[in-house]
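The lines below spell out each chain.
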Amino acid sequence: MHSEPSDNGVLTPSPSGSKPPRTEPVPSHIPLALRERPQWVCWEYQLRRDKWTKVPIEAKTGKAASSTDPSTWTDFDTALAAFKRDMRLAGIGYVFSAGDPYAGVDLDDCIDQSGQLSPQAASILESLGSYSEMSPSGRGIKVFVRATLEDLDSTRRRFKTIDGLPLAGLREIEVYDRARFFTVTGERFGESPDAINDAQSALKRLHERLSMPKSSEGRWERAAQKLESKRAGEWR
């Protein structure tokens, strides 16, 4: 077993530099379809390169878990009990595998400091039409869908562009259906469905849009942004 960058390698900075707080899950809001599967881990914050990262922990032993080793996973109740018992643990998480029918979409930093959801993220949530919840930071949203990535042309899973242009109001989008875990909070976002719905066609279309080559318009836009930033620095 090994420790690995988890929750898809997302690093979570803490404003004060201190460890972020624990995330108490809301079990009744977590879809039963997930709770019934024995693919659960706990997770903890570990400081790496001056940032807090989420690391999967085996509920039964307290040792590092692996998103590719089912022997380190457990059932939902065991993971939840371990979280409540061990104050070192920051939350619980679900591991996607080739043996389940689910995939996850992580919309990173799609909620601004005033609590507003970016229009681009709102459009993606609407298109997927499935259970969505707040991330532990309160700034991201994770979407759980019934779909697979097996038949998609590209093997890319992390994206910073859509339709060939830079993401607007999001830092990054990640899409997985195996070998990764998502933190699970049970904090359902807004009026999103309370069930995991079929979204194979929608996920395929989203992945196609995310995989589009960067357009010349996008290159010019990034160049303009860099020039503007340079000028702003010179004027200070």
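Check the entry above for the structure.
Definitions and limits used
- Residues numbered from 1 in each chain as written.
- Predicted model: local features only at pLDDT ≥ 70, side-chain atom pairs only at ≥ 80, totals over all residues.
- Heavy atoms only, no water.
- Helix = DSSP H or I, 4+ residues; strand = E, 2+ residues; numbered from the N terminus.
- Buried < 20%, exposed > 50% of the residue type's maximum accessible area, 1.4 Å probe, protein only.
- Contact = heavy atoms within 4.5 Å.
- Areas by Shrake-Rupley, 256 points an atom, 1.4 Å probe, with all protein chains shown as cover.
- Phe/Tyr/Trp six-rings, centres within 6.5 Å; stacked < 30°, edge-to-face > 60°.
- Lys NZ or Arg CZ within 6 Å of the ring centre and 35° of its normal.
- Pairing = 2+ DSSP bridges.

Participant: What's the story with the overall build of the protein in this structure? I'm lost.
Facilitator: Counting secondary structure elements, the protein contains 5 helices and 12 strands. Residues classed as buried in the protein amount to 44% of the 236 residues present. Sequence-distant contacts, at least 24 apart, represent 77% of the contacts inside the protein between residues at least 6 apart. Surface exposure of the protein reaches about 12,000 Å², of which carbon and sulfur atoms provide 50%.

Participant: Would you explain the packing of aromatic side chains in this entry?
Facilitator: Centre distance and the angle of the planes are the two values used to describe a pair of aromatic rings. Scanning the entire structure with this criterion turns up 8 aromatic pairs. Ring geometry for Tyr131 and Phe144: centres 6.0 Å apart, planes at 40°, overall tilted. Of this pair, Tyr131 sits in the loop between helix 3 (119–128) and strand 6 (132–134) while Phe144 sits in strand 7 (residues 141–146), and the two are 13 residues apart along the sequence. The pair Tyr131 / Phe144 is uniform in exposure class, with both members buried. When the ring of Phe144 is compared with that of Phe182, the centres are 5.7 Å apart and the planes differ by 80°; the resulting orientation is edge-to-face. Linking Phe144 in strand 7 with Phe182 in strand 12 (residues 180–184), this pair joins segments that are 38 residues apart in sequence. In this pair, the class of Phe144 matches that of Phe182, namely buried. A connected cluster of aromatic rings, assembled from ring pairs, spans Trp40, Phe76, Tyr94, Phe96, Tyr131, Phe144 and Phe182. Positioned over the ring face of Phe182 is Lys142, at 5.7 Å from the centre of the ring.

Participant: Please explain the environment of Thr68 as it appears in this structure.
Facilitator: With respect to the element layout, Thr68 can be found in the loop between strand 3 (51–57) and helix 2 (76–85). By relative accessible area, which is 54% here, Thr68 ends up exposed. The spacing of Thr68 and Ala98 is 30 residues in sequence and 10.0 Å in space, taken between C-alpha atoms. Look past the residues within four positions of Thr68 in its chain and what remains in contact with it is Trp73 and Ala179.

Participant: I would appreciate a short explanation of the pairing of strand 7 in the present structure.
Facilitator: The side chains of a regular strand alternate, first on one face of the sheet and then on the other. Counting buried residues in strand 7 gives 5 out of 6 residues, a clear majority hidden from the surface. Looking at chain direction, strand 5 (residues 102–108) and strand 7 are connected through 6 bridges and run antiparallel. What sits directly across from Tyr102, in strand 7, is Arg146. The sheet contact formed by strand 6 and strand 7 spans 3 bridges and is antiparallel. Within the sheet, the bridge partner assigned to Ser132 lies in strand 7 and is Val143.

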